[in-house]
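# Tertiary structure, described
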Amino acid sequence: MPRLYQYVGPSSIAKRVFHQCGGKLIDSVKQLSEALQSMQDYRSGESFIVTFVVTSEGKIRISDRHSEHVICAEGKLVLSAGELTILYENGVFIVENVNNQSTGYCPEPESWNAVATALDCIPIQHPEEFDPAINFRRCPSCSQINIVKDNWYACDVCKFPLPTQWNLES
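Okay, so let's go over this structure.

Thresholds applied
Residues numbered from 1 in each chain as written. Predicted model: local features only at pLDDT ≥ 70, side-chain atom pairs only at ≥ 80, totals over all residues. Heavy atoms only, no water. 1 Å grid on protein atoms, 1.4 Å probe; cavity = no way out; pocket = protein on both sides within 12 Å on 5 of 7 lines; lining within 4 Å. Points joined across faces, edges and corners; volume = space filled by probe spheres on them. Helix = DSSP H or I, 4+ residues; strand = E, 2+ residues; numbered from the N terminus. Nonpolar A, V, L, I, M, F, W, Y, C, P; charged D, E, K, R; others polar. Salt bridge = Lys/Arg side-chain N within 4 Å of Asp/Glu carboxyl O. Buried < 20%, exposed > 50% of the residue type's maximum accessible area, 1.4 Å probe, protein only. Pairing = 2+ DSSP bridges. Patch = residues over 30% accessible without salt bridge, like charges linked within 9 Å, V, L, I, M, F, W, Y side chains within 5 Å. Areas by Shrake-Rupley, 256 points an atom, 1.4 Å probe, with all protein chains shown as cover. Lys, Arg positive; Asp, Glu negative; His and termini not counted. Charge placed at Lys NZ, Arg CZ, Asp CG, Glu CD.

### Some details on empty space enclosed by the protein
- A full pass over the atoms with the stated rule returns 1 cavity of 30 Å³ or more.
- Its volume calculated, the largest cavity comes out at about 30 Å³.
- Forming the boundary of the largest cavity are Ile26, Leu32, Ile60, Ile62, Leu84, Ile86, Val95, Leu119, Ile122 and Ile124.
- When contributions to the lining of the largest cavity are tallied by element, the ones reaching two or more residues are strand 3 (60–64) and strand 4 (78–89).
- Residues that form the lining of the largest cavity fall into these classes: 10 nonpolar, no polar and no charged.

### Points about the pattern of salt bridges
- On inspection of all chains with the given rule, the structure shows 7 salt bridges.
- The partner of aspartate 27 in a salt bridge is lysine 59, with the nearest N and O atoms 3.4 Å apart. Highlighted residues: aspartate 27 in the loop between strand 1 (24–26) and helix 2 (29–37) and lysine 59 in the loop between strand 2 (47–55) and strand 3, separated in sequence by 32 residues.
- Residue classification places aspartate 27 among the partly exposed residues on the basis of a relative accessible area of 35%.

### Describing the pairing of strand 3
- Counting buried positions along strand 3 gives 4 out of 5 residues, so the element sits mostly inside the fold.
- Pairing of strand 1 with strand 3 involves 3 bridges; the strand directions are antiparallel. If you follow leucine 25 over to strand 3, its bridge partner there is arginine 61.
- The sheet contact formed by strand 2 and strand 3 spans 5 bridges and is antiparallel.

### Some thoughts on the layout of surface pockets
- Here the largest pocket defines a volume of roughly 220 Å³.
- Residue lining of the largest pocket: 16 residues in total, with Cys21, Gly22, Ser63, Asp64 and Ser67 positioned closest to the centre.
- Mapped onto the lining of the largest pocket, the elements with two or more residues apiece are strand 3 and helix 3 (69–72).
- The element that contributes the greatest number of residues to the lining of the largest pocket is strand 3, accounting for 3 residues.

### Let's talk about a negative patch on the surface
- Among the surface-exposed residues, Asp120, Glu128, Glu129 and Asp131 lie close enough to one another that they form a single negatively charged patch.
- Owing to a relative accessible area of 54%, glutamate 129 belongs among the exposed residues under this scheme.

Here's what the structure looks like:
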């Protein structure tokens, strides 16, 4: 069974959920088109980056790239979160890139399957994996959330060794 991720970011950001609209639920190419056209910076023929979450029901929600994932998810648990780079060209939408960059939910690279399944249901062409696939760890010493790069499992703040297994449950 896939892991459900809860929000682990700052509570000050989570409080905004009650004052802002959540992301747009995308069940079809038509809904994707309508959602993108409503975003201020969208231009046909150019790549466009959006914030996304995969809901606990396995559906994609998107919002403006500058939106917080917890707001996009309406504060709920998610199967994955990150950014999508989408191109609309010659009448076709293509997801060019997907990453799991969400320091609010810190999803594991293993959450890719939920993303791929949700994109397949729209249906929309997409890559085969996250790029980059980000590994998050919480420092057991100072509680800082870290992004692990080049297999360097040490806290960026206090240099304490980080666990090799995902540890962001509350």
